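Per-entry structural report
In case you want the letters, here they are:
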Amino acid sequence: FRWLEEEHPDTYQQILNQEADNYQHYGVSNAMAQTYYHLILPLANRRDKQTQIRWGIREYQFRFQHSPQGLWLPETAVDWETLELLAEEGIQFTILAPWQAAEKDSIFRQPCRLELPNSKQLNIFYYDASLSGQVSFYPPATRNATQFVQEQVLPAYLDNDGSDQLILIASDGELYGHHQRFRDKFLSYLLDGAANEAGLDILFPARWLQSLPVEAVTSILPNTSWSCHHGIERWRGVCADAPLASWKEPLRYALERLAKAIDDAYAKALEGKIREPWKLRDDYIQVLLNQKTAEDLIREHLTANIPEAQIQIVDLLLKAQDHRMKMFASDAWFYEDFNRIEPYNAIRYAVYAAWLTIQTGAAGMGLFDDLKNDLRPANSLDGKVSGDSLAVTFWESLQKEKIASIFPA
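Please read all numbers here as calculations on a predicted model, not as lab measurements. (Residues numbered from 1 in each chain as written. Predicted model: local features only at pLDDT ≥ 70, side-chain atom pairs only at ≥ 80, totals over all residues. Heavy atoms only, no water.)

1. Some details on the pattern of salt bridges
Within the structure shown, the criterion is met by 28 salt bridges. A salt bridge links Arg63 to Glu5; its shortest N-O distance comes to 2.8 Å. Here the residue Arg63 occupies a position in helix α3 (residues 46–64), and Glu5 occupies one in helix α1 (residues 2–7), the gap between them amounting to 58 residues. Arg63 gets classed as buried once you look at its relative accessible area, which sits at 7%. (Salt bridge = Lys/Arg side-chain N within 4 Å of Asp/Glu carboxyl O. Helix = DSSP H or I, 4+ residues; strand = E, 2+ residues; numbered from the N terminus. Buried < 20%, exposed > 50% of the residue type's maximum accessible area, 1.4 Å probe, protein only.)

2. Things to note about unusual backbone geometry
Of note in the backbone geometry, Asp105 takes a positive phi value of approximately 60 degrees without being a glycine. Tracing the backbone shows Asp105 in the loop between β3 (93–96) and β4 (112–115). Phi angles above zero are rare outside glycine, and Asn290 is one such case at about 60 degrees. In this structure, Asn290 sits in the loop between α11 (285–288) and α12 (294–301).

3. Points about the layout of surface pockets
For the second largest pocket, the calculated volume is near 170 Å³. In this structure, the second largest pocket is lined by 13 residues; those nearest its centre are Pro98, Ser106, Ile107, Phe108 and Ala129. The residue inventory of the lining of the second largest pocket, partitioned by class, reads seven nonpolar, one polar and five charged. (1 Å grid on protein atoms, 1.4 Å probe; cavity = no way out; pocket = protein on both sides within 12 Å on 5 of 7 lines; lining within 4 Å. Points joined across faces, edges and corners; volume = space filled by probe spheres on them. Nonpolar A, V, L, I, M, F, W, Y, C, P; charged D, E, K, R; others polar.)

4. A short note on the sheet that holds strand β5 (residues 121–126)
One open sheet accounts for four strands, arranged β3-β5-β4-β6; its pairing is mixed. Strands at the two margins of the open sheet, each flanked by one partner only, are β3 and β6 (216–218). When the angles between neighbouring strand axes are averaged without regard to direction, this sheet yields 40 degrees. In this structure, β4 lies alongside β5, joined through four bridges in antiparallel fashion. Residue pairing across strands places Glu115 opposite Gln121, the latter belonging to β5. Contacting β3, β4 and β5, helix α4 (residues 80–88) runs over the sheet at an angle of about 115 degrees to β5. (Pairing = 2+ DSSP bridges. Axes fitted to C-alpha atoms, helices over the stretch in contact; angles between N-to-C directions. Contact = heavy atoms within 4.5 Å.)

5. Section: the packing of aromatic side chains
Counted by the stated rule, this structure contains 21 aromatic pairs. Between the aromatic rings of Tyr36 and Trp55, the centroid separation amounts to 5.5 Å while the plane-to-plane angle is 90 degrees, which identifies the pairing as edge-to-face. Here the residue Tyr36 occupies a position in the loop between β1 (33–34) and α3, and Trp55 occupies one in helix α3, the gap between them amounting to 19 residues. Relative to Trp226, the ring of Trp72 has its centre 5.0 Å away and its plane inclined at 75 degrees; by these criteria the two rings are edge-to-face. Of the two residues, Trp72 sits in strand β2 (residues 71–72) while Trp226 sits in the loop between β6 and α9 (248–270), which places them 154 residues apart along the sequence. Using a relative accessible area of 16% as the deciding quantity, one classes Trp226 as buried. Taken together, the ring pairs connect Phe1, Tyr12, Tyr60 and Phe64 into an aromatic cluster. The cationic tip of Arg47 hangs over the ring face of Trp278; the distance from NZ or CZ to the ring centre is 3.7 Å. If you follow Arg340 out to its NZ or CZ, it ends over the ring of Tyr335, 3.7 Å from the centre. (Phe/Tyr/Trp six-rings, centres within 6.5 Å; stacked < 30°, edge-to-face > 60°. Lys NZ or Arg CZ within 6 Å of the ring centre and 35° of its normal.)

6. Details of α9
For an α-helix, 3.6 residues make a turn, and residues three or four places apart therefore share a direction. If you check α9, its first and last C-alpha atoms are 33 Å apart, about what 23 residues at 1.5 Å a residue would give, namely 33 Å. One or two positions beyond α9, positive phi appears at Gly272, with a value near 85 degrees. (Expected span 1.5 Å × (residues − 1).)

7. Some words on the pairing of β5
Counting buried residues in β5 gives five out of six residues, a clear majority hidden from the surface. Where β3 meets β5, four bridges bridge the pair, whose relative direction is parallel. Paired with Phe93 across the bridge in β5 is Asn123. Remark: five residues form the turn of the hairpin made by β4 and β5, two consecutive strands paired antiparallel; Ser119 in that turn has positive phi of roughly 70 degrees.

8. Focus on empty space enclosed by the protein
All told, the structure shown has one cavity of 30 Å³ or more when counted by the stated rule. For the largest cavity, the full set of lining residues is Phe108, Arg109, Gln110, Pro111, Ile124, Phe125, Tyr126 and Leu166. Considering only residue class, the lining of the largest cavity consists of six nonpolar, one polar and one charged.

9. What about the side chain of Asp128?
Note that Asp128 resides in the loop between β5 and α5 (129–137). Among the residues examined, Asp128 registers a relative accessible area of 10% and is labelled buried. Engagement of the side chain of Asp128 in a polar contact is seen with the backbone nitrogen of Ser130, the distance being 3.2 Å. Not counting the four nearest positions on each side in its chain, Asp128 is found in contact with Arg109, Ile167 and Leu168. (Polar contact = N/O pair within 3.5 Å; in protein donor to acceptor, adjacent residues only side chain to side chain.)

10. A word on the packing of helix α15 (residues 366–375) against helix α16 (residues 387–399)
Running from N to C, α15 and α16 point in directions that differ by 145 degrees, and their axes come no closer than 6 Å. Of the two possible hands of crossing, α15 and α16 adopt the one that is right-handed. Together, Phe368, Lys372 and Leu375 of α15 and Gly387, Asp388, Ala391, Val392 and Trp395 of α16 make up the contact between the two elements. Here the contact of α15 with α16 is composed, by residue class, of five nonpolar, one polar and two charged. (Left-handed = near helix turned anticlockwise from the far one by under 90°.)

11. A look at the environment of Gln61
Residue placement: Gln61 occurs in helix α3. Owing to a relative accessible area of 26%, Gln61 belongs among the partly exposed residues under this scheme. When sequence neighbours within four positions are dropped, the list of residues in contact with Gln61 reads His66, Ser67 and Pro68.

As structure tokens, this is what we get:
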């Protein structure tokens, strides 16, 4: 969104204007928040889950000037703790795949209420698997919006007592015009022509919650996602979707061990200086959104005045926290081979986070050495690329002060 704001301000403003008009007209939004980085939340620790959810909510509030009702989870990967944290942050609903429901072989034509272990509730909108799959993976189905409604959508409604039914289609945004040509035009006419002509109402989850009851009750299968039928194994080890990817487990192990070491160094370095170090990290989103300078934010959290040099150290430690969360972006583990830009970027972020932490004096070179050694078992399928060699390459580039040339924006 920041890139859109800078590079395509007209498109950026159109999105904001559309949402504002919609919100003013209905009193609810057709937008959803998402976590700030694309972490598989069931694999993240509680503190990272909390920060990512809070950063995503703050980003949404900053862009749209009101709070979100819904939040999209990366890959719809879910566990109970994640859902509890959503509810604790005021989120009212999320969207899941039907196979993530505990109720097997159910056809969901209304949202469901989920009772959480923390005694809170969350609404779950399950999308239609068949229609979503056709839109995403079968191009002939979406060549003609009118035909799609008549042949696919209308037959999907169930015979019932006349109660309201919701058919929800979920797909990736880049499908429309990027993966499949002209599907942006298909989507436009589907929503603004073909559906209305067939007598269907177009609405979105927040509008259902605004005017219609949520009566059904559901439960979920934890550690599941929409993009892998093997739970969340795709992002931590070998699964049937990537049976040769033995590098995934050591990559995750290496990054998780680095994250813990960076966290320990962060907490120890800030002890006695910052009242609540992890609240400071949560509030760091204000710096990322250019709402405050890092110095101003840090001074708000100090227990007492400290020298300017110490302020700069805290700033570097916060940057390290930001990049050590980036290194867990899910795409690093999605594909089968290690020799791709996505795992490379994860290691770049990891090396940079380690480098920043070492520059502050909060940790020694052992931090990088452990990372390098832990990455050694992560190898490409052809054996030509290894995680430790990549780490050394990126580290040497940092030492030569060529950060901008090796670090992804």
